Amino acid sequence: MTIITAVPPPEAPGALADVPIRPSRVPGPLLFVGRAVRTLWSNSKARIGIVLLGVIALIAIFAPLIAPHSPTATTFTPYLNPTGQNWFGTTGNGQDVFSQMVYGARVSLLVGLAAGILATVVAVTIGLIAGYRPGVIDEVLSFVTNLTLVIPGIPLMIILAAYIQSRSIWTIVLVVAFTSWATGARVIRSQATTLRTREFVTSAVFSGERLFRIVFREILPNMTSLVAASFFSAATAAVMAEASLEFLGLGSPDTVSWGTILYAAQQQNALLTGQWLLILAPGLAIALLATSFTLINFGVDALSNPRLREK
Amino acid sequence: MPYLLRKGVLFVVTLWAAITLNFILPRLMPGSPEDAALGKLASAGVPITNAERHAVEIQLGVPHTNVFTQYWDYLKNIVQFKFGHSYSFPSETVAHTIGKALPWTLVLVGATTVFAFVVGTLLGVFAGWRRGKAADTTVTLGATFFAAFPPFWLGLLLLYFLAYKNGWFPIKGGYAEGATPNWSPSFLADAFKHSVLPALTLAVTTLSGWVFGMRNNMINTLGEDYVTFAEANGLRTRTVALLYAARNALLPNVTAFGLSLGAVVGGSVLVEGVFSYPGLGNLLYIAVTNHDFPLMQALFLVITVSMLVAIFVVDLLYARLDPRVRRA
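Positions within a chain are numbered from 1, following the residues in the order the chain's sequence is written. Lettering of chains starts at A and numbering of ligands starts at 1, both following the order in which they are written. For a predicted model such as this one, the threshold for reporting local features is a pLDDT of at least 70, and the threshold for listing and counting side-chain atom pairs is 80 or more; totals across whole chains, interfaces and linings nevertheless cover every residue. Hydrogens and water are ignored here; the side-chain numbers use all heavy atoms of the structure.

(A) Focus on the overall build of chain B. Along the backbone of chain B there are 14 helices and zero strands. When the helices and strands of chain B are read in sequence order from the N terminus, they spell out α-α-α-α-α-α-α-α-α-α-α-α-α-α. Contact definition: two residues touch when any of their heavy atoms are within 4.5 Å. Counting only contacts in chain B whose residues sit at least 6 apart along the sequence, the fraction spanning at least 24 positions is 73%. Accessible surface, chain B: about 16,400 Å² in total, of which carbon and sulfur atoms supply 67%. Starting at the N terminus, helices and strands are each numbered in turn, a helix being any DSSP run of H or I of at least four residues and a strand any DSSP run of E of at least two. Per-residue and other accessible areas were derived by the Shrake-Rupley procedure at a 1.4 Å probe size, with only the shown protein chains allowed to occlude residues.

In structure tokens form, the structure reads like this:
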């Protein structure tokens, strides 16, 4: 990884007077991300997670180069056990399962990241507003948060997905985001509540900063690790939920994902016909992706709680 | 007691909100169950006439009154356990279907939660105490990996290897086919044998919450002065770990009960489906695959209300355990 440092541009002697002094030419967020990744990398569990996620991401990006066949073409003999040509066998429709696994990485990763981002945006917005605005607004938002927390997520997801008739991965992203923002919102709210009364926030208020700026530029940067943690938990939940919904047949019928491979395998009684690899492979892939998110989260936890850091 | 009063009010309001959510959700959704049902009929080649539509609407109980009257009727029906008829089990009422399935899920989910709590908490104490050592890494990585298993998938694998291939456990159901549920020892033994695999699946995949919660609490507690003091006093390691640190670290873990219950209940939906276990989860599985909206709605209500009650009970227990909460 390249380490970005702020190197001031070489100045001609005497030109200092009319050149405005810029503190740094490196964009702030980039420097910040670099530092965060470096700190995460120093945690051994997070390091395993980052490598695991990286491998899955590479497979997803280069799927057309890695997959030997088209994931949807029904050109092979159905119900084949693993052969030299079809490494994981074929489905009942004669599709190559190995190629489906490779392409499936794209959908699982996309759903995980998209639902994770969406849930985090909702969690941050609701958590910050509730934490910064005590009184009625906080009461109402906290009540909605707690309600969402105690309503069992998977049954709610199933009901929502069953009612929404359109079937696409975006339906799943929306449903998952709708049901998994609450944990993050609660944590972010309590952190915002304690930050609200700190001196630097009070001084920002008295210097006449606008509400938006105070909340997003003064308070938010102080809870980056909480935001990251809620992203990775939501992403983990999303990957699992996507698999569950697709296994129930509530997924999009024309996407190839690890969840739909499981669904198809179960519909074709793959276990009874001895094609157990059709069940084993996609589930293991889901487990590895979810593990990578959780492992990275260990590093994030250690960022915010020094007691959890590795000695 | 103000704590109990506050929790009680919160419980009632949450209950009302959950019941109302269950009323609003189907009405907010694009499309409607009757359209879906008519669509299915149409694709099966049945011509859709007005009479046909009317029949379907009556069957689905689509009301033609205003929304407030509907809401009032809905509340009245809930109090009287009137949930109508499902398409999946047309010969009995939804309330009857759910009533038969509820005890199975209560026992399965209850036993699994207690088991996961005990084992997970002990592993968490162990990992927290041996923090940074090989034992800690093994427990944490193991729990992370098992937690990442989709529960239904682990269920399928156990079903294949332990029931189908080896025949150690029955393949499906909650009791031997054809038997009538009763309290005889032979039936109970049979039911236990049927519940081992679903319970194991749920316990293994929900263990990690307890492990991590307890491990983090332990690490925080171990940093406290009284633990250092106990160590300095020359108390035995085991005494410090269990009686000083773990005892106090346990308390926050009790509050996690409610959330963990949600994970077990959620997992039980698909796991019961995989094992055809005769509980609520399997019913929801059947309802979803049959697009059986009346059954689905009633099940969601029953599952949510059971969870709210369970969380309320845990809150009450917590007040018994921690006197600080009662006074605050």
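The rest of the description comes next.
(B) How the structure looks around the nonpolar core. Ranked by internal contacts, the top residues of the largest apolar core, which has 119 residues, are Trp258 and Ile279 of chain A together with Ile98 and Leu284 of chain B. Counting residues per element, this core draws most heavily on helix α13 (residues 293–321) of chain B, which supplies 12 residues. Think of a nonpolar core as a cluster: buried Ala, Val, Leu, Ile, Met, Phe, Trp, Tyr and Cys residues, connected wherever their side-chain atoms sit within 4.5 Å. Buried, partly exposed and exposed residues are distinguished by accessible area as a fraction of the type maximum, computed with a 1.4 Å probe on protein chains only: under 20%, between the cut-offs, and over 50%, respectively. The next biggest cluster of nonpolar side chains, apart from the first, holds 14 residues, and it includes Val124, Tyr132, Val215 and Val227 of chain A.

(C) Focus on helix α2 (residues 44–61) of chain A. Residue and element names in this part refer to chain A. Its 18 residues place the ends of α2 26 Å apart at the C-alpha level, agreeing with the 26 Å of an ideal helix rising 1.5 Å per residue. Those residues of α2 lying buried are Lys45, Ala46, Gly49, Leu53, Ile56 and Ala60. One side of α2 carries all its buried residues, which in axial view fall inside an arc of 95°. Nitrogen and oxygen atoms within 3.5 Å of one another constitute a polar contact, given that in protein one can donate a hydrogen and the other can accept it, and given that sequence-neighbouring residues count only through two side-chain atoms. The backbone nitrogen of Lys45 lies 2.9 Å from a side-chain oxygen of the residue at the head of α2, namely Asn43. A helix is expected to span 1.5 Å for every residue after the first. Directions drawn from the helix axis to the C-beta atoms are what define this arc.

(D) Representation of the interface of chain A and chain B in the model. Contact with chain A, which involves 47 residues of that partner, is made by 55 residues of chain B. What counts as buried area is the accessible surface, traced by a 1.4 Å probe, that two parts surrender upon association, with contributions from both included. Both faces combined, the contact of chain A with chain B buries some 4,700 Å², and carbon together with sulfur accounts for 79% of it. The interface formed by chain A and chain B includes one residue pair in polar contact (both at pLDDT 80 or more). At the level of secondary structure, the elements contributing two or more residues to the side of chain A that touches chain B comprise α5 (136–150), α6 (153–163), α11 (224–247), α12 (258–267) and α13 (277–304) of chain A. Per-element accounting of the side of chain A that touches chain B gives the leading share, 12 residues, to α13 of chain A. Its residues placed into classes, the side of chain A that touches chain B shows 34 nonpolar, eight polar and five charged. In this classification, the charged set is Asp, Glu, Lys and Arg, the nonpolar set is Ala, Val, Leu, Ile, Met, Phe, Trp, Tyr, Cys and Pro, and all remaining amino acids, among them Gly, are polar.

(E) Structural view of a nonpolar patch on the surface. Residues and elements named next belong to chain A. Residues Trp41, Val51, Val55, Leu58, Ile59, Ile61, Phe62, Leu65 and Ile66 make up a contiguous nonpolar surface patch of roughly 850 Å² in combined accessible area. Taken together, the elements giving at least two residues each to the nonpolar patch come down to α2 and α3 (63–66). The element best represented in the nonpolar patch is α2, accounting for five residues. Mapped onto the elements of the fold, Leu58 is located in helix α2. Taking relative accessible area as the criterion, Leu58 reaches 48% and is therefore assigned partly exposed. Each patch groups residues whose relative accessible area exceeds 30% and which form no salt bridge, using 9 Å between like charges and 5 Å between nonpolar side chains of Val, Leu, Ile, Met, Phe, Trp and Tyr. Between Lys or Arg on one side and Asp or Glu on the other, a salt bridge is scored when a side-chain nitrogen of the former is within 4 Å of a carboxyl oxygen of the latter.

(F) Up close: the packing of aromatic side chains. A pair of aromatic rings is counted whenever rings of Phe, Tyr or Trp (Trp by its six-membered ring) have centres within 6.5 Å, and the orientation is called stacked for planes under 30 degrees apart, edge-to-face for over 60 and tilted otherwise. Taken as a whole and judged by the stated rule, the model has 13 aromatic pairs over all chains. Each ring, one from Phe212 of chain A and one from Phe216 of chain A, has its centre 4.8 Å from the other, and the planes form 35°; the classification is tilted. Here the residue Phe212 of chain A and the residue Phe216 of chain A both occupy positions in helix α10 (residues 211–219), the gap between them amounting to four residues, near one helical turn. On the basis of relative accessible area, Phe212 of chain A is assigned to the exposed category, the value being 58%. Here the aromatic rings of Phe117 of chain B and Trp210 of chain B are separated by 4.9 Å at their centres, their planes lie at 85°, and the arrangement is edge-to-face. Placement of the pair is Phe117 of chain B in helix α5 (residues 94–129) and Trp210 of chain B in helix α8 (residues 185–222), with a sequence separation of 93 residues. Side by side, Phe117 of chain B and Trp210 of chain B carry an identical accessibility label, which is buried. By way of ring pairs, the aromatic residues Phe145, Phe146, Phe149 and Trp153 of chain B are connected into one cluster. The rule is short: NZ of Lys or CZ of Arg within 6 Å of the ring centre and within 35 degrees of the ring normal puts a charge over the ring. Sitting above the plane of the Trp41 of chain A ring, Arg47 of chain A keeps its charged end 6.0 Å from the centroid.

(G) Summary view of the packing of α5 of chain A against helix α8 (residues 182–196) of chain A. Residue and element names in this part refer to chain A. Put simply, α5 and α8 touch, their axes get as near as 8 Å, and they point 140° apart. In this structure, the crossing between α5 and α8 has a hand that is left-handed. For the pair α5 and α8, the contacting residues are Asp138, Ser142, Thr145, Asn146, Thr148 and Leu149 in the first and Ala182, Thr183, Ala185, Arg186 and Arg189 in the second. Looking at side-chain class alone, the contact of α5 with α8 contains three nonpolar, five polar and three charged residues. Convention adopted: a line fitted to C-alpha atoms gives each axis, helices being fitted over their contacting stretch, and angles between N-to-C directions are expressed from 0 to 180 degrees. We call a crossing left-handed when the near helix sits turned anticlockwise from the far one by less than a right angle, and right-handed when that turn is clockwise.

(H) Structural detail: the environment of Phe232 of chain A. All names here are of chain A. Here Phe232 is to be found in helix α11. For Phe232, a relative accessible area of 13% corresponds to the buried category. Once the C-alpha coordinates of Phe232 and Thr179 are considered, the two residues, 53 residues apart in sequence, prove to be 15 Å apart. Aside from chain neighbours lying at most four places away, what touches Phe232 is Phe293, Ile296, Asn297 and Val300.

(I) View of the environment of Val55 of chain A. Here Val55 of chain A shows up in helix α2. Along the backbone, Val55 of chain A and Leu289 of chain A are 234 residues apart, and their C-alpha atoms lie at a distance of 9.8 Å.

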